[in-house]
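Each chain, written out:
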Amino acid sequence: MEMKNILKASKLSIGYAHKKGNYSIANDISFELTKGKMVCLLGKNGIGKSTLLRTLSKMQPPLNGSVFVDETNLNSISETLLAQKMSVVLTERIPESQLTVFELVALGRQPYTNWLGKLNDQDYKKIQYALEQVGISDIQSKKNYELSDGQLQKVMIARALAQDTSLIILDEPTAHLDIHHKIEVFNILKALVKNTKKTVILSTHEVNLALKMADELWLMTENDFKSGTQEELIALKELDKLFPQDLILFNPKSKQFEINN
Amino acid sequence: MLILLVLVWFLNINLGSIHIPFKQFVAILLNSPVENESWRYIVLHFRIPKSISAILVGSGLGISGLLMQTLFRNPLAGPFVLGISSGASLGVATLLLGASAIGGVFSSIAVSNWSISIASSLGSFMVLSAVLIAVKRIRNTMSILIIGLMFGSISAAIINVLSYFSSAEELQQFIFWSFGSLGNLSWEELGVFASILFISFLFLILVIKPLNSLLLGENYARSLGINLKQTRYIVLIVTSLITGVITAFSGPIAFIGLAVPHLTKLIFTTSNHRILLPAVAILGAILMLICDSIAQVPTSEYTLPINAVTSLFGAPIVIWLLVRKHKTVL
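This structure is a prediction, so every number in the text was calculated from the model and none was measured. (Residues numbered from 1 in each chain as written. Chains lettered and ligands numbered in written order. Predicted model: local features only at pLDDT ≥ 70, side-chain atom pairs only at ≥ 80, totals over all residues.)

**Some points on the overall build of chain B**
Next up, step 1: On a plain count of helices and strands, chain B comes out with 16 helices and zero strands.
Next up, step 2: Scaling as 2.2 N^0.38, a compact globule of 330 residues should have a C-alpha radius of gyration of about 20 Å, and chain B matches this with 20 Å.
Next up, step 3: With the C-alpha coordinates aligned to their principal axes, the bounding extent of chain B is approximately 65 × 55 × 35 Å.
Next up, step 4: Burial status across chain B gives 48% buried among its 330 residues. (Helix = DSSP H or I, 4+ residues; strand = E, 2+ residues; numbered from the N terminus. Rg over C-alpha atoms; globule rule 2.2 N^0.38 Å. Buried ≥ 20, exposed ≤ 12 C-beta atoms within 10 Å, placed from the backbone.)

**Some points on the interface of chain A and chain B**
Next up, step 1: Counting residues at the interface gives 24 residues for chain A, matched by 24 residues for chain B.
Next up, step 2: Only α2 (79-83) and β6 (86-89) of chain A provide two or more residues apiece to the side of chain A that touches chain B.
Next up, step 3: Here the element with the most residues in the side of chain A that touches chain B is α2(A); it accounts for four residues.
Next up, step 4: The residue makeup of the side of chain A that touches chain B, split by class, is 13 nonpolar, seven polar and four charged. (Contact = placed C-beta atoms within 7 Å. Nonpolar A, V, L, I, M, F, W, Y, C, P; charged D, E, K, R; others polar.)

**Some points on the domain arrangement of chain A**
Residue and element names in this part refer to chain A.
Next up, step 1: When cut into domains, chain A gives domain 1 (1-85 + 166-261) and domain 2 (90-164).
Next up, step 2: The centre of domain 1, based on its C-alpha atoms, is set 25 Å off from the matching centre of domain 2.
Next up, step 3: Counting residues at the interface gives 14 residues for domain 1 and twelve residues for domain 2.
Next up, step 4: Listing elements by their share of the side of domain 1 that touches domain 2, those giving two or more residues are α2, β7 (167-171) and α6 (179-196). (Domains from an automatic or database assignment.)

**Some remarks on the sheet that holds strand β10 (residues 224-228) of chain A**
Residue and element names in this part refer to chain A.
Next up, step 1: Strand order in the open sheet formed by six strands is β6-β7-β8-β3-β9-β10, with mixed pairing between adjacent strands. Of all the strands in the sheet, the pair left with one neighbour each is β6 and β10. Within this sheet the neighbouring strands show an average axis-to-axis angle of 15 degrees, counted without direction.
Next up, step 2: Pairing of strand β3 (residues 38-43) with strand β8 (residues 199-203) involves four bridges; the strand directions are parallel. The partner of Val-39 across the bridge, within β8, is Ile-201.
Next up, step 3: Helix-sheet contacts for helix α1 (residues 49-56) involve β3, β7, β8 and β9 (216-221), and the interaxial angle to β7 is about 150 degrees.
Next up, step 4: Its contacts with the sheet place α6 against β3 and β8, and it is angled at close to 155 degrees to β8. (Pairing = 2+ DSSP bridges. Axes fitted to C-alpha atoms, helices over the stretch in contact; angles between N-to-C directions.)

**As for the confidence of the model for chain B**
Residue and element names in this part refer to chain B.
Next up, step 1: On average, residues of chain B score 83 in pLDDT, and 93% of them are at 70 or above.
Next up, step 2: For chain B, per-element mean pLDDT is lowest for helix α6 (residues 105-108), which scores 47, and highest for helix α11 (residues 208-214), which scores 93.
Next up, step 3: Counted against residues more than four places away or in other chains, residues 104-108, with its pLDDT under 50, gives five contacts.
Next up, step 4: With pTM at 0.88, the complex prediction returns an ipTM value of 0.91. (pLDDT = per-residue confidence, 0-100.)

**Some remarks on the nonpolar core**
Next up, step 1: Grouped together as the largest cluster of nonpolar side chains are 154 residues, with contacts concentrated most on Val105(A) and Ala158(A).
Next up, step 2: Sorting elements by how many residues they give to this core places helix α15 (residues 273-295) of chain B first, with 14 residues.
Next up, step 3: Residue contacts for Val105(A): discarding those within four places in its chain leaves Ile127(A), Ala130(A), Leu131(A), Val155(A), Ala158(A), Arg159(A) and Ala162(A). (Core = buried A, V, L, I, M, F, W, Y, C linked by C-beta atoms within 7 Å.)

**What to know about the packing of helix α4 (residues 84-96) of chain B against helix α9 (residues 168-178) of chain B**
All names here are of chain B.
Next up, step 1: Interhelical geometry of α4 versus α9 gives an angle of 155 degrees and a closest axis separation of 10 Å. What the angle tells us is that α4 and α9 run roughly antiparallel. Our pair here, α4 against α9, has a crossing hand that is right-handed. Each of Ser-89, Val-92, Ala-93 and Leu-96 in α4 lies in contact with α9, whose residues at this interface are Glu-170, Gln-173, Phe-174, Trp-177 and Ser-178. (Parallel < 35°, antiparallel > 145°, perpendicular 65-115°, else oblique. Left-handed = near helix turned anticlockwise from the far one by under 90°.)

**What to know about the confidence of the model for chain A**
Next up, step 1: Averaged over every residue, the pLDDT of chain A is 92; residues scoring 70 or more account for 99%.
Next up, step 2: Predicted confidence in chain A is weakest over strand β11 (residues 248-251) of chain A, with a mean pLDDT of 90, and strongest over β7(A), with 97.

**Concerning the sheet that holds strand β2 (residues 23-34) of chain A**
Residues and elements named next belong to chain A.
Next up, step 1: Ordered in space as β2-β1-β4-β5, the four strands form an open sheet in which the pairing is antiparallel. On the outer flanks of this sheet lie β2 and β5 (72-73), each paired with one strand and no other.
Next up, step 2: In this sheet, β2 lies alongside strand β1 (residues 5-16) in antiparallel orientation, the contact comprising eight bridges. Residue pairing across strands places Leu-12 opposite Ile-29, the latter belonging to β2.
Next up, step 3: Lying over the sheet, α1 contacts β1, β2 and β4 (64-69), oriented at roughly 125 degrees with respect to β1.

**Side note on the pairing of β4(A)**
Residues and elements named next belong to chain A.
Next up, step 1: Judged from the five bridges that link them, β1 and β4 form a sheet pairing that is antiparallel. Each residue of the ladder has a partner; that of Ala-9, found in β4, is Val-67.
Next up, step 2: Bridge analysis of β4 against β5 gives two bridges, and the strand direction is antiparallel. Along β5, the bridge assignment pairs Phe-68 with Asn-73.
Next up, step 3: Hairpin connection of β4 to β5: two residues between the antiparallel strands, including Asp-70 at a positive phi of 55 degrees.

**A few points about the pairing of β10(A)**
Each regular strand carries side chains that alternate between the two faces of the sheet.
All names here are of chain A.
Next up, step 1: What you see with β10 is a clean split: Phe-225 and Ser-227 sit on the buried side and Asp-224, Lys-226 and Gly-228 on the side with no burial.
Next up, step 2: Sheet analysis places β9 next to β10, joined by five bridges and oriented antiparallel. Across the sheet, Trp-218 pairs through a bridge with Ser-227, a residue of β10.
Next up, step 3: Counting the residues between successive antiparallel strands, the hairpin from β9 to β10 contains two residues.

Quick look at the structure:
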């Protein structure tokens with residue numbers, strides 16, 4: 001039996017539409033993605049990683065081509081239904097409020113709750129599960145302004161997990177974190193993929209961590225988009241093209257990027 | 001809190017420039033005979049309507065302040081940031097100040113309570129329509145805030161020009177209106193007032209859930225399946241309706257709308273709108289009743305402008321609470 005694609009893009013062009021012609025950032029992006037994968041999106045600053053993730057999560061329309069979630073065109077999925085299939089963790093910092101960690105994670109249940117947003121037993125179970133998976137049960141009654149960057153990032157991941165979607169998209173979840181928390185976030189996400197068969201897509205600048213952890217890599221360069229497993233991409237020498245070679249080189253033996261001396 | 005509201009309400013009705021003995025006061029409420037029939041008239045036709053309008057104004061302004069603060073995710077937003085009250089002021093200014101300038105048609109209309117209400121409603125409705133048209137073309141919520149402020153300053157400028165060409169009497173009339181007033185409303189007017197507010201409040205039940213998700217920012221709210229456009233429209237229309245009606249009947253009452261949401265959040269330490277909305281309404285009503293009682297200057301025959309009291313009394317409380325708790329949050 002052929003595996004169903006959880007996410008698919010065909011001939012996708014991303015960018016911004018303007019009255020005087022479109023400003024496109026990347027063209028001809030096509031990929032297919034099956035369930036239970038951890039995907040890392042790599043590329044230089046400003047190459048369009050966020051734009052791609054925003055397009056995939058319907059926050060901005062594609063200039064051309066289509067995105068399919070669960071084999072359905074993104075355009076024809078209602079907002080509520082999409083919220084049950086895909087959750088996001090964004091780079092933007094949430095506004096300070098008096099929401100507690102528990103309430104924040106509970107907001108992830110909104111696509112399922114009634115018009116008043118009342119939580120039922122199942123919602124409570126999912127929230128507790130999310131808090132435990134991410135390891136923040138102990139801080140669940142803290143207010144969000146009392147949290148450190150690392151804690152807040154974990155809370156946002158737990159919120160996405162509570163949303164109970166088969167797809168989680170994270171835009172640079174490890175930015176602003178120390179090396180300990182970076183690895184912790186990667187470990188949490190990896191465990192999620194393993195335990196829940198969810199598909200996790202994250203953009204990151206932690207290329208070496210990504211090379212160690214990801215099931216699949218997406219590489220974005222000036223004129224190209226490549227997807228594949230680490231071995232496939234190494235064989236095609238695609239990783240060499242990720243950065244200008246004057247400062248950093250890919251070492252195929254250690255399978256890591258190294259400083260070019 | 002509800003008990004406190006009832007207590008404050010009783011106190012408010014009991015106090016006034018004419019002293020009515022407590023026993024007699026209770027007798028009036030129980031509809032039994034009283035020593036002085038004019039006392040009954042004062043309580044039934046003056047004090048009770050006034051206290052009810054205080055409750056309506058307080059809860060309405062509190063709620064619309066909360067809505068604006070959440071929608072714009074800005075703790076400085078208040079019910080009047082959309083320029084609604086400036087629009088209402090412009091309407092009233094045109095009626096009171098423009099009468100001589102335009103002459104003829106306007107001056108023949110007697111300046112009554114109703115005509116002021118209507119002028120002010122028309123004014124706020126004009127600004128509301130302008131804001132909504134702008135909203136339709138604009139995606140960024142923060143721009144709406146700035147556009148509202150701009151409409152406000154345009155209205156203020158026109159009022160300045162009108163004032164410049166007006167007589168002293170007309171100016172005085174306008175300034176008295178801008179002091180705000182809770183009295184002068186008949187039972188009939190109160191009925192209209194209350195039913196418009198009540199209908200507006202009903203719509204809010206629909207947006208409790210979206211409002212909570214807006215605490216995460218618009219992008220997260222959308223990712224949770226919230227219809228952002230619809231939420232924005234409901235919140236903006238309800239706020240305009242509430243503030244428009246309040247300004248029409250009671251004048252531009254300052255401060256309550258900004259302060260009450262903060263007080264409520266500080267007291268209840270929550271951001272959940274299912275608790276906040278009713279709490280803000282009740283606390284707003286309580287605060288307004290207290291302010292009105294102070295404005296009566298008990299045992300004296302003077303009545304202070306309500307607008308001055310709300311700020312003089314309310315601002316120090318908010319400052320004190322913020323200094324004590326160290327945190328401004330949504």
